[in-house]
Every structure is written in structure tokens, then in C-alpha cells.
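# Inside the fold
These are the residues of each chain, in order.
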Amino acid sequence: MDVVFRFLGLMKGQLLAALLGVLVSVIASLSSIGLMATSGWFITAMGVAGFTGAVLNIFIPSAMIRMFALLRTVLRYFDRLFSHDATFKIISVFRLDLFTKAIDLKTQDVAIFKSSDLERRLRSDVDKLELAYLKQFMPIVCAFIVSVIVCSWFLSYDIYIALSMLTIIFLAGILIPIIISLYVKKDVIAISEKANNLNDKASDLTFGLFDLTLMDKTQIFADKFKQEAEVLARSHARLNFAEGLNTAFLQAFTMLIVIAILLIGTPLFMQSKLAANDLIMLAITSMAMFEVITPLSAAFLNLAAVKISAKRVFDLVDNKAKEENEGLDVLKDKLTTIEFKDVDFAYQGCIKNTLSKVNLKFECNKNYIIKGRSGIGKSTIISLISAIYEPSKGQILANNIDYSNLNKDNLREHLSVATQDLSLFSGNIKNIFTAISPKISDDEIYELLKIVELDEFVKSLPDKLLQFTGNTGILLSGGQARRLCLARALCKKSDFLLLDEPSEGLDLNLEQRIINRILNLRKGIIMITHKDAGLELVDEIIKL
Amino acid sequence: MVLSFVDAIFTALFFAALAYAIGPVVIEQDNSNLNYLYYSFILVVLRFLLKVVMAKINASMSYQIEKQIREHLVDKLIKVGPLSLARSAKLPSVFVDAVDEIVPYFTHYLTSVRYAMSIPVVLLIAVFVASPLQGFILLILCPLIPLFMVLIGKKAERLNQRQWLQITRLSAHFQEAMRRLVVIKLFNLKKHEINKIYLLNKRWRVETMQVLKVAFFSALALEFFATVGVAFCAVTLGFAVYDYGFNYTLALFILLCAPEFFLPLRTLGQNYHARMKALGAASTMVELLNSQDKLAYSDKLKNSTCDLNKVLSEGVAIKFEDVKAVYADGRIGIEHKSYAFKPNKITALVGPSGSGKTTTLMLCAALLEKSAGRILINEHDIESLDIKSLRKHITYIPQNPYLFYGTIRSNLDLYNDNIQDEVLIEALKKVGANDLIERFEDGLEHKILDDNSGISGGEARLIALARALINNSKIILLDEPTASLDKDTQAAFIQALLNIADNKTVIMAAHRQELIDVADEIVNL
């Protein structure tokens, strides 16, 4: 329950809107109940009056019926409008907040949450929470207020009538749905797990179909998928049944309350303790309470599902290791030295260290090349310098300040990196540069593209700089994407420029030209390569 | 349908029993009919039992539909085969999320349609019998409701599609951002990204509200008629009873029926979005369901008289004689091609891109059918062989091999439990990938998650090679297997290939010189 409350706590910003929503909703429900109550009272009073020949003021009740009818219709509309608008505002803020948290996750921790799972949390779980206000909080609060009003009104007639009404509200609106929701709780949990599993199985089938067809394993994988799907369908069916069962109880109780009130009320009426029109009014009102009890019971029925979603979302928010910017120190001036002291590094779940006892020193007025065979951890060094990973042992110092004391965002402002994986965002070519320096001019971009010899290519594109690139590989070849990443790294002003195999996939001459051009351009370059280009132009060659 | 009529009749009877029991009490203070309340109690129990049965039926229908749609989709996917389908990143969600959205159409929407068709009809008849005037009021208001719903629903549908687009964009952006997390950090793009999400989020909110405003408006119209109907009934009944001495019991009965009459229509309005969602989801399935069943040789799988093991026992020679191949979309892969691949040799297929290297490999793998000429496997026409068994002797390694969700073990043996650990480890050693199991604490049981976590592209290829060894494939087909590898990794891969190439016919589409250098034969396209 606390997770749900915590979510409701987020509504603070929208408190006024939320309260307004509740108020409108309560009045709308009361109007609806009032309509039925007055109608029952009215025809009975008319009936009795007609029978006895008494004169009756018919204008007030018939006007009341019309008023309640109108109020109910209009208020329901505004009720929906207000409450949804408030919810979406809350959700927008929440989603953004969550996204900010997710961005701040340490790279190592992102691996804990699968990226598809992470996306699911941000999308469908948040969507479910959005319903928490509309389908949980609102009905419960509204039902509570309306019940108090109606029951105390009933109390003014007879205590047993009021008590039986209260009992039915409690049974049909709270107790039975809670019992049913406990009965299906494991299905709710299963569904959120299975959906993820099934997604994996579906990916295997679609993307692995090639291999599976060749190995004649399609049937095995299809059967596995079907098994999972069957379990999921079974859980869904059980939820479906629970919902139906709940409705059956709800309807039965709504009918029972009328019988109960008539049974209690008739003797009172015979003893003249209760007027005929009041008796019918109470009976019909109790039926109309159905409109309030239905959402209440749905709220308790779905509470388990909401709790699970809330937990999944808050797990993400609360993930302990998230604060990568806990370091407070900032670099006031230029970043002049980066030093590795006895650094060990092992990937998660790996026994062997990728790096052991590494000692290195980089200065910003020199250029470096790191060489070594593949798998020896060259790229890991880049990730360590740029604080994407943390060493498992040892220290990395920037201007003699330990990395763990540094604000990582601040640190990264002094670095520029071209990684090996070609990670361009979908968008146009110009976006790539304007994201980093918003004021860059087209000429300056062409200047950068010229360094990596892409200027002619870009000019040849139909939309030139505004050409949509999509993800890597759609329009650009691997080599072109790599050069674009290189240009992006050059675009950023920095004290150190880290290049991870910048010339991979390029032909020898082009590679030589680009590398030489870059190495002559500036100092503070740390380049990883296993080729020989540029060796004569650097100040220091580090062999791992 | 029958059951919902029974339900409607129970409801009408219940109200009738109530009115009949209490009517005389109120007017004539005559409680002799009060025992009808007990009949109404029986009706409550009966209706409850009926509802439980209906819930059970609905649940089992939901189970059957959900299960069958998924099964049908998967069977269809397998029939369509790996070649003719554009396997977009969205396809897996068709099997999961889209089905989840279609099921409520059957369980919720259609159920409420049945109610909307039965309850109002039964109650209307009952009210008509009791008093034609009120029956008339209800009859007039009743068709107005669906009319308004349709008018408003049309607009809502269009808005709904737009909103669907927004949420897809938002979700795509989330995914991209999560995958590019490192870049976001390296270039301090956080603010930039958060701003993008902010804008997308805002648009999503505005568009959703637009959709909802229309939906709420339709609900408003619905409520309006329902409320007016009840109010109208109440007022006219009151006057009828007062002025004309209309039977009070009947009046009470009609008043009880009136809200119940509109209830199913209101529920239908609430469940209408299930239909819209289902339509949206179904449209994503259309592409798959409309694809032709194009799995090669699927109609010729059984009628083989040849003993395949005997045919393949002494190595495999493959010969193309004037072969032409056309893809499902009409694209011509190769035309008039004749060449031979020698048994137990490594052959490099070279030629510019578009010259038909991949097509040739597909033909060898029996994943594509030739449309002219002959393909001979050890002098037997490929069509005379048992294709399914033949495929099992083939390993195909694409440019970027796919690793299955599961463990390293399940990626090697593909859930064939008869294979011993030693065999798997031996195979990994032979391709030089034993580092894989030494590196992870849990060895063979190491889990492979999204984006092949912890396993590099080079290693994924080695796993594919190891699979060939474990399967004892006679034919290994490779499609530019080292295209995106660095020099060292490529060298390791080539060494692994040489380690396992004994007694196997290896055909590789090659672009890089290092790969061509190790081939025994070269076929130029």
C-alpha cells in the first residue's frame, strides 16, 4: 500500500486539481443518487395522494428531478475532464522525472535492467500508475464521502436500514474484491513476468528464424513460445473470471439491499414509523448506490496490479547505485593530467580481470597511441577515463583529484570521445552537431566534415546537412558512420580527445590522411589503434 | 447471447416481483403480497449463479482466443519463412502486446454488445406491456444513443490514431535514449534529451486529452439521454398515478426498469475504446498475416526416396546448372549461373555487391527455391532430397549472427538435452572461444540478455561456428562473416574456421582479402 500512497504523494503539485476532481465527482454521484431518490419518492407520493385524494405540491419534486438530471449529466463531463487532465499532468512530470533518473543510472547498472524491461517500466507501468489516481484514489475517496452522506441520511430514518446499507457497501465494495484480488494475485505477478518472457521468445523466433529453419528447430522454439503463451492466456483468463465473479457479487448485493430495506422498512411502515414515499425512496436510493460501489470495488480489485507496477517503477527510482554525480568536486581549470594508479577492472559476472595493475599517465599537451591485441582491454581504458565504468580496484586521478570525488558531468565536459560502437541518434546530420553546440553554423560543420573527408559526400546528398540519417546503417555505410562519430567528437571543445579505433573499416590511404590530419590538429589525443597509422606523429606509444 | 437474454428476463422478473410485493403495501397497506420478496430473493440467487456461469464462459473464451491468436501467428511466421518477411524491430511486439489488446475486444466489447442487444429489448417489451407511454419514451430515446455514438466515434477514431502515433514515438525515443545512454553521458546531452522527452510528453498529453474530450463528449450525450429518459419516466409516471389513477405497482416497476434499460448502453460506450484499440493492434498484424507462405520447398518436404546420409557420406559437392532465382517480392537474385563447389574445400564467392553472393548461399541452404536450371548435391537434384534433413547438415553464418535469449549452453545445443557438456566445451575450445566460459562465473549457464550482453560480435560468430561443429554440419555457409570485425578478431575467426573446416564444404561470400586468401577455390560471380 505504501507504494500507492507514495505515488499519490506525487500529486502534491496538482492537489487543487485533484481535490476539485473529487468534489465534482462527489456532487455528480450525489445528483445521480438524488435523481433516483426523488423519482421514487415522487411517484410514491403521487400514488398515495392519488389513492387518498390528497393535494400535493408537485412542482418542487419534479423540478428537483430535472435539476438532478441536468447536474449529473454536466458534472460527470467536468468530472472526467478535470480528473484526467490532472492525472496527465502528474504523469508527465513523473515520466520526465523517471527518465532523468534512468539517464543518471550507472552504465554498469543499466545492464541489470534489460533495456526492453527499462522501456516497459517507463511506458506501460507508468501508464498503469496513471490509472491509480483515476481508478483507485478517486473512487475510494468519492465512495467514502458519498457513503458517509447517504448512510447518515439513512440513519435519520432507521438505524437498521443504515447499517444494512453500510454492510453491503463494505462487503460488495471492499471485502469481496479484496478477497478475489488475493485469489488472483499470483496471476497478476505472473502476467507482468510472462509478458517479458514472451517478448524474448518472440524475438528469438523472428530474428533467429533463419538459423532455426536451417537447424529444423522452429518447431521446438514455436512450442516453447506456445507454452509460455498458454500460461499467460490462463492467467489472463483467471483475471477475467475474477472480474466477472466480482461483478456477479456486486449485482447480487445491489439486489439484496433493496430486498433487505423493504423487509426492514415494511413493518416500520405498517407501524406508521416510516412514510410510504420514504420507504420507496430509501429502497431505490440503495440501488442507485451501485453507481458508487462499482468503481470502489474495481479499485480494490485492481489494487494488486497497481502495486506491482508502482513497485517496478519505484525500484528504478530507488536503485541505490544510481547517484553517479554524488561527487561534489568540480575541475575549476583545464584538465591537465589523467593518472591511473594500480587500476584493476573486471566486467560484472566475470572472474578474470580485464585490466590488472594498470599504471598510466596522460598529459594534455601530448598525444598518445595505445596499442595491444584485441581483448586486452584497450576500449576499457577509454570507458574508465570517461567515467562510464569505475575501476574495481585502484584509483584514477584527474588533476590529482580522485575520480570518485568528482562530479562526472563536470569531468566529461573536459573530454571528448569517439567510441567504437556507432551510436548516432536518429535525426538529420545537422542535429548531430547542434545537439552538442547549438550555435554551430553550417560552414563550421562542413569544416569538421572536411577533416574526416565527408564534406563532399554530404553535399551530394539530396537534403545535404538536413538529410535524415536514421539509425546507423540505414543511409550511411559503417565507415561513413564512424567518420561522422569522429567529426562529432571533434566538434566538442575538450582538453582530451579519446578515439577508439577511429579508422576501423577505412581503407589504408584514407585512414592515414584522416589520422595525420587529426594528430596535427591538436594535443591531448589518446587514440586506440592496432594499426600503424600516425605512430610517428605522437609523443608517446603505450603498449598494453 | 441466449444467456444474456435469460439474464435480462431474470432482471425484469426481479423488478416485477419487487413491485408486486411492495406496491399494495404502500398504497393499500396490504402486506399479503410481501412473500413475493422471497421469490425475488430466489431470483437474486439464480441471477448470481447465471452470472458466475457467464463469467466462466467468458474466461474460457478469453483463454481460447488469446491462445489461438498467438498460435496462429507463430505458425504463420514459420510458414512465411525467414526470407520474405521484413523482420522489423516491432515484429515481436505483434506477438505479445498486440494480442493483449485484441482479446478485450472479444471479452469486453462483444459481451457488452450482447448485453446492449438483449437487456434493453427485454425491458422495453416489459415496459410496453406495463404502460405504452413510457415504453414509447424509452423507444424514442434508445436509437438516438447509438446514432450520437457513431457520429462522435468517427472523429474519435481519427484522433485515436494520432494519439497512438504519439505514444509510439515517445516509446521509440525512450528506447533509443536507453540504448544510447553512453553517448548521452559522454556529450552531456542530458538536458537536450530531457527536453526532447518533455516536448514529446507534452504533445502526448495534449493529444490524449483531445481524444478524451471527444470520448467524454460522447459519454455526455449518452448520459444526457439516459438521465432524461429516467427523469421523463418518473415525472410522467407520477402524473399518471396522481391524475389518472394509473396502477402504482406498474409505475414502480417501470421506474425500477428505466435506469437498468440504459445501463448496458452506457457500458457499451465505456467499452467502445476496446474496439478502437483492437483495430489499431490488428492493423499491425496485417502485414504478417497477409504475407505469402513462402518457406522454400514447403510443399516438397516428404516425398524423398534417397538415403540422405549415404548421399552425403563422402563430402558434399554442390553444382549449379544455369540457375535462376527470384525472390518473393519479384527481385531477381541470379540468372543463368553455373558453377561448382568442390567437396571438403573452402570456396570464396567474390563479386561486387548485388552480384548474387547472398542469393547463391540461400539457394545452397535450400531457403530459396530456384525458378529455373538445376541445383545438384552430389549429382542428386536437390528437389529429390529430403530438404528438412538436408538443412540440418547446413550451418549458415550471417553477417551478424543472432544470439538467442537463454544461456550460452542453450545457444550452443538449442535445447537438445542429449548433448554432453564436454562436447560443448570441446567445440568452444576448437573455435578458440573457451575464454567465454572461463570468463563468466557461471560458465555455460551464463545468461545472454539484451544486445548480447557481455558477448562481443566476434564471439557471437564463434558461437555460431561452434554450433556447426556440435551439429556436425557437412556444409558451412558464411555471408561476409568478418565484415564488421577488427583485424585481430578477424584473424581469430579465420583460424577458428580453418580449425573446423576439415571434411566440410565451406562456401563464403567474401569481401576482405584476408578471407579470400584462406580459400582453396574462388568463384567469381
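For the structure itself, consult the block above.
First, a word on scope: everything that follows refers to the structure included in this document. All values reported here derive from a predicted model rather than from experimental measurement.

About the cut-offs
- Residues numbered from 1 in each chain as written.
- Chains lettered and ligands numbered in written order.
- Predicted model: local features only at pLDDT ≥ 70, side-chain atom pairs only at ≥ 80, totals over all residues.
- Heavy atoms only, no water.
- Helix = DSSP H or I, 4+ residues; strand = E, 2+ residues; numbered from the N terminus.
- Buried < 20%, exposed > 50% of the residue type's maximum accessible area, 1.4 Å probe, protein only.
- Contact = heavy atoms within 4.5 Å.
- Areas by Shrake-Rupley, 256 points an atom, 1.4 Å probe, with all protein chains shown as cover.
- Core = buried A, V, L, I, M, F, W, Y, C linked by side-chain atoms within 4.5 Å.
- Buried area = accessible area lost by both parts, 1.4 Å probe.
- Salt bridge = Lys/Arg side-chain N within 4 Å of Asp/Glu carboxyl O.
- Polar contact = N/O pair within 3.5 Å; in protein donor to acceptor, adjacent residues only side chain to side chain.
- Nonpolar A, V, L, I, M, F, W, Y, C, P; charged D, E, K, R; others polar.
- Axes fitted to C-alpha atoms, helices over the stretch in contact; angles between N-to-C directions.
- Parallel < 35°, antiparallel > 145°, perpendicular 65-115°, else oblique.
- Pairing = 2+ DSSP bridges.
- Phe/Tyr/Trp six-rings, centres within 6.5 Å; stacked < 30°, edge-to-face > 60°.
- Lys NZ or Arg CZ within 6 Å of the ring centre and 35° of its normal.
- Expected span 1.5 Å × (residues − 1).

## As for the overall build of chain B
- Helices and strands together make up the secondary structure of chain B, namely 16 helices and 11 strands.
- Sorting the 525 residues of chain B into buried and exposed places 54% on the buried side.
- A separation threshold of at least 6 residues defines the contact pool for chain B, and within that pool the share at least 24 residues apart is 77%.

## Regarding the overall build of chain A
- Helix and strand counts for chain A stand at 19 helices and nine strands.
- Taken over 544 residues, chain A has a buried fraction of 60%.
- A separation of at least 24 residues holds for 78% of the contacts in chain A among residues at least 6 apart in sequence.
- Surface exposure of chain A reaches about 21800 Å², of which carbon and sulfur atoms provide 59%.

## Observations concerning the nonpolar core
- In this structure, B:Ile22 and B:Leu252 are the most contacted members of the largest nonpolar core, which totals 124 residues.
- Those residues within four positions of B:Leu252 in sequence are excluded, and the remaining contacts are A:Ile43, A:Ile280, A:Ile284, B:Ala19 and B:Ile22.
- Core analysis: the next-biggest nonpolar cluster, separate from the first, contains 101 residues, A:Leu105, A:Leu331, A:Ile432 and A:Val538 among them.

## Things to note about the interface of chain B and chain A
- At the junction of the two partners, chain B supplies 136 residues and chain A supplies 146 residues.
- Buried surface at the junction of chain B and chain A, both sides included, amounts to about 13100 Å², of which 72% is carbon and sulfur.
- Among the residues chain B hides against chain A, the three largest losses belong to B:Lys185, B:Phe187 and B:Tyr242. Together they make up 6% of the total.
- When the shortest N-O distance is used, the salt bridge between A:Lys226 and B:Asp75 registers 2.9 Å.
- Seen at the junction of chain B and chain A, the total is 11 residue pairs in polar contact (both at pLDDT 80 or more).
- Top element by residues in the side of chain B that touches chain A is helix H6 (residues 190–244) of chain B. It accounts for 30 residues.
- For the side of chain B that touches chain A, the residue count by class is 80 nonpolar, 21 polar and 35 charged.

## Some points on the packing of helix H14 (residues 457–471) of chain B against helix H15 (residues 487–500) of chain B
Residues and elements named next belong to chain B.
- At a minimum axis distance of 10 Å, the contact between H14 and H15 shows a crossing angle of 0°. Classified by the interaxial angle, the pair formed by H14 and H15 is roughly parallel. Where H14 abuts H15, its residues Gly 458, Arg 461, Leu 462, Leu 465 and Leu 469 lie against Thr 489, Phe 493, Ala 496, Leu 497 and Ile 500.

## Comments concerning the pairing of strand E1 (residues 337–345) of chain A
All names here are of chain A.
- Most of E1 is tucked away: seven of the nine residues are buried.
- Where E1 lies against strand E2 (residues 355–363), six bridges are found, and the strand directions are antiparallel. The residue bridging Phe 340 from the neighbouring strand is Leu 360, located in E2.

## Describing the pattern of salt bridges
- Taken as a whole and assessed by the stated rule, the structure comprises 25 salt bridges over all chains.
- Put simply, B:Lys370 and B:Glu383 hold a salt bridge, and the shortest N to O gap is 2.8 Å. Of this pair, B:Lys370 sits in strand E4 (residues 370–377) while B:Glu383 sits in the loop between strand E5 (380–381) and helix H10 (387–392), and the two are 13 residues apart along the sequence.
- Here B:Glu383 falls in the partly exposed class, since its relative accessible area comes to 31%.
- Among the charged side chains, a salt-bridge network with shared partners connects A:Arg72, A:Arg76, A:Asp79 and A:Glu291.

## Concerning the packing of aromatic side chains
- In total, this model carries 26 aromatic pairs over all chains according to the counting rule given.
- Look at A:Phe210 and B:Tyr396: their rings are 4.8 Å apart centre to centre, the planes differ by 45°, and that puts the pair in the tilted class. Within this pair, whereas A:Phe210 is found in helix H8 (residues 209–214), its partner B:Tyr396 is found in strand E6 (residues 394–397), the two belonging to separate chains. For the pair formed by A:Phe210 and B:Tyr396, the shared burial category is buried.
- Plain terms: the ring middles of A:Phe221 and B:Phe404 are 5.0 Å apart, the flat faces sit at 45° to each other, and that makes the pair tilted. Placement of the pair is A:Phe221 in helix H9 (residues 218–270) and B:Phe404 in the loop between E6 and strand E7 (406–407), with the two residues belonging to separate chains. In this structure, A:Phe221 and B:Phe404 share a single accessibility class: buried.
- Among the aromatic residues, those joined into a ring-pair cluster are A:Tyr77, A:Phe78, A:Phe82 and B:Phe217.
- A cation over a ring is seen here: A:Arg238 above A:Tyr183, with NZ or CZ 5.2 Å from the ring centre.
- For B:Lys56, the ring lying beneath its charged end belongs to A:Phe241, and the centroid distance is 4.3 Å.

## Thoughts on the side chain of B:Thr227
- With respect to the element layout, B:Thr227 can be found in helix H6.
- Owing to a relative accessible area of 0%, B:Thr227 belongs among the buried residues under this scheme.
- Within the local environment of B:Thr227, its side chain forms a polar contact with the side chain of A:Arg72, the two groups lying 3.2 Å apart.
- Look past the residues within four positions of B:Thr227 in its chain and what remains in contact with it is A:Leu35, A:Ala69, A:Arg72 and A:Thr73.

## Side note on the environment of B:Phe341
Residues and elements named next belong to chain B.
- You can see Phe 341 is positioned in strand E2 (residues 332–341).
- The exposure class assigned to Phe 341 is buried, which follows from its relative accessible area of 1%.
- When the C-alpha positions of Phe 341 and Ile 318 are compared, they lie 5.0 Å apart, and in sequence the two are 23 residues distant.
- What Phe 341 contacts, discounting residues up to four positions off in sequence, is Val 316, Ala 317, Ile 318, Phe 320, Thr 347, Leu 349, Thr 360, Cys 364, Ile 507 and Val 523.

## Examining the side chain of A:Thr266
- Here A:Thr266 lies in helix H9.
- Those residues within four positions of A:Thr266 in sequence are excluded, and the remaining contacts are A:Ile261, A:Leu279, B:Ile22, B:Val25 and B:Leu34.

## Observations concerning helix H2 (residues 36–80) of chain B
- Taking 1.5 Å of rise per residue, 45 residues should cover 66 Å, and H2(B) covers 64 Å from first to last C-alpha, within 8% of that figure.
- The first or second residue beyond H2(B) is B:Gly81, which carries a positive phi of 85°.

## As for the sheet that holds E4(B)
All names here are of chain B.
- As summarised here, the arrangement of the four strands in space is E2-E1-E4-E5, forming an open sheet in which the pairing is antiparallel. Here the strands that pair on one side only, and so sit at the sheet edges, are E2 and E5.
- Relative to E4, strand E1 (residues 318–326) runs antiparallel, the two being bridged by six bridges. Note that in E4 the partner of Lys 319 across the bridge is Leu 376.

## Side note on the sheet that holds strand E7 (residues 496–500) of chain A
Residues and elements named next belong to chain A.
- Pairing within the open sheet is parallel, and its five strands lie in the order E6-E7-E8-E3-E9. Of all the strands in the sheet, the pair left with one neighbour each is strand E6 (415–418) and strand E9 (540–543). Between one strand axis and the next, the sheet turns through 15° on average, direction left out of account.
- Taken together, the three bridges between strand E3 (residues 368–371) and strand E8 (residues 525–528) define a ladder with parallel strand orientation. Looking across to E8, one finds that Ile 370 is bridged to Ile 528.

## Quick word on the environment of B:Ala219
- Inspection of the secondary structure puts B:Ala219 in helix H6.
- For the pair formed by B:Ala219 and B:Gln270, sequence separation is 51 residues and the distance between their alpha carbons is 8.0 Å.

## A short note on the environment of A:Val538
All names here are of chain A.
- Within the secondary structure, Val 538 is located in the loop between E8 and E9.
- Take Val 538: its relative accessible area is 12%, and that puts it in the buried class.
- When the C-alpha atoms of Val 538 and Asn 520 are compared, they prove to be 9.2 Å apart, with 18 residues separating the residues in sequence.
- Residues in contact with Val 538, not counting those within four places in the same chain, are Asn 367, Tyr 368, Ile 369 and Leu 519.

Without other data, these values stay purely geometric and don't point to any function.
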